[in-house]
Amino acid sequence: MAKTILLPLLANGEFRSGQDLATALGVSRTAVWKQLNNLAELGLEIESVKGRGYRIPGGLDLLDAAAVQAGLQPQAAGLLAHLELLEATDSTNAEVMRQLTGGAGSGLVCSAEQQSAGRGRRGRQWVSPYGRNLYVSVAWEYQQGAAALEGLSLAVGVAVARALALCGLPPVQLKWPNDILYRGAKLGGILLEMTGDAAGACQVVVGVGLNVAMPAVAAHAIEQDWTDVQTLSGGSHPGRNQLLAALLNEVLPLLAEFEGVGFKAWKQQWTSLDAFAGAPVVVHSGASPLAGIARGVDDRGALQLETVSGIQSLYGGEISLRGAS
Ligand code: BTN
């Protein structure tokens, strides 16, 4: 039996008795009990109340390909080559990378209910519990190498912010290079990985992680201030499938056009969302931390750090408010 066979029966958040579940699946109550344990292993909270049965508090909003496709605008639908929705994978970025090696190309989109080894920036883990958040990776092929893709990850941040606004959510901000913040807490992150010829034909995997309804048990592993769509929307948002469609509506056209226009075309929007503009910061990029005032980004997406020795352009690293731990 698949680990997740009980999920459709419990997705509405209502109590179902063990006997009822066993009858619906045509299995014994012992088998149901084992499956319930499997769900707990997935990190899903299963509430058990004597005389009422079992439920998943709040229910589940599972990914559904038809619902995602229905939310796509014609432009994004035309750019989407294949939508792959997985129950579980190590990392959707790793999965797309494997498929690129196997011959896939631009427009492959992979999302999963759960990642067992979700990758964050700078070697960190991305906390990816089952069925609650969004983990999505998109592949795109380019011809002019890495230089033409400078600033792409910042532009993806703008695309994500736009998608969230179009879903009626309150405005978010961006933290260089590409964190998505709401009131200073991390709502999402972006991880770009590249393969191929850095000076010519190459393929990029754009990974976006968005906290939608992070369960408290999973959140213990997050080592920074975080928030989720559930919190910032006060519980009223269009659901994971619509959010995913909205992300694709913004990200796919961006990827298709970026090589032609570059970050310059996105800089003004990025600047309007810059969470740290004019702030005293410390940047960890090379061997030793650099202190200065964040002065936005240039046409290539490089952070403009005003230091005692003048403006320094930084192309990668991690920024934090000076004085913040
Ligand atoms: C960050 O550290 O801020 C970047 C996080 C990126 C997470 C996403 S989730 C989908 C995709 N697959 C991964 O393994 N990572 C990215």
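Residues numbered from 1 in each chain as written. Predicted model: local features only at pLDDT ≥ 70, side-chain atom pairs only at ≥ 80, totals over all residues. Heavy atoms only, no water.

Engineer: In this structure, what is going on with the sheet that holds strand β8 (residues 185–196)? I would like to understand it.
Structural biologist: Across a sheet, paired strands are connected by hydrogen bonds in the backbone, their directions being either parallel or antiparallel. In space, the seven strands of this open sheet follow the order β3-β4-β5-β9-β8-β7-β6, with mixed pairing throughout. Each edge of the open sheet is held by one strand with a lone partner, namely β3 (82–89) and β6 (173–175). Ignoring strand direction, the axes of neighbouring strands in this sheet form an average angle of 20°. Where strand β7 (residues 179–182) meets β8, three bridges bridge the pair, whose relative direction is antiparallel. What sits directly across from Ile180, in β8, is Gly188. The sheet contacts of helix α6 (residues 92–101) involve β3, β4 (108–115), β5 (134–142), β8 and β9 (202–210), and relative to β4 the element is tilted by about 145°. (Pairing = 2+ DSSP bridges. Helix = DSSP H or I, 4+ residues; strand = E, 2+ residues; numbered from the N terminus. Axes fitted to C-alpha atoms, helices over the stretch in contact; angles between N-to-C directions. Contact = heavy atoms within 4.5 Å.)

Engineer: Hey, could you run me through the layout of surface pockets in this one?
Structural biologist: The gaps left among the atoms become clear once a water-sized probe is rolled over them. The calculated volume of the largest pocket comes to roughly 1,000 Å³. Lining of the largest pocket is provided by 44 residues; of these, Lys175, Asp179, Lys186, Gln224 and Glu318 occupy positions nearest its centre. Of all the secondary structure elements, the ones that give two or more residues to the lining of the largest pocket are α6, β5, β7, β8, β9 and β14 (318–321). Broken down by class, the residue content of the lining of the largest pocket amounts to 18 nonpolar, 16 polar and ten charged. Here the lining of the largest pocket gathers at least three residues from each of two domains, domain 2 (65–271) and domain 3 (276–323). A volume near 430 Å³ is recorded for the second largest pocket. Leu149, Glu150, Gly151, Ser153 and Leu192 are the residues nearest the centre of the second largest pocket, which is lined by 22 residues in total. Contributions of two or more residues to the lining of the second largest pocket are made by α7 (152–166) and β8. In terms of residue count, β8 provides more of the lining of the second largest pocket than any other element does, five residues in total. (1 Å grid on protein atoms, 1.4 Å probe; cavity = no way out; pocket = protein on both sides within 12 Å on 5 of 7 lines; lining within 4 Å. Points joined across faces, edges and corners; volume = space filled by probe spheres on them. Nonpolar A, V, L, I, M, F, W, Y, C, P; charged D, E, K, R; others polar. Domains from an automatic or database assignment.)

It is worth stressing that arrangement in space is one thing and function is another; only the former is reported here.
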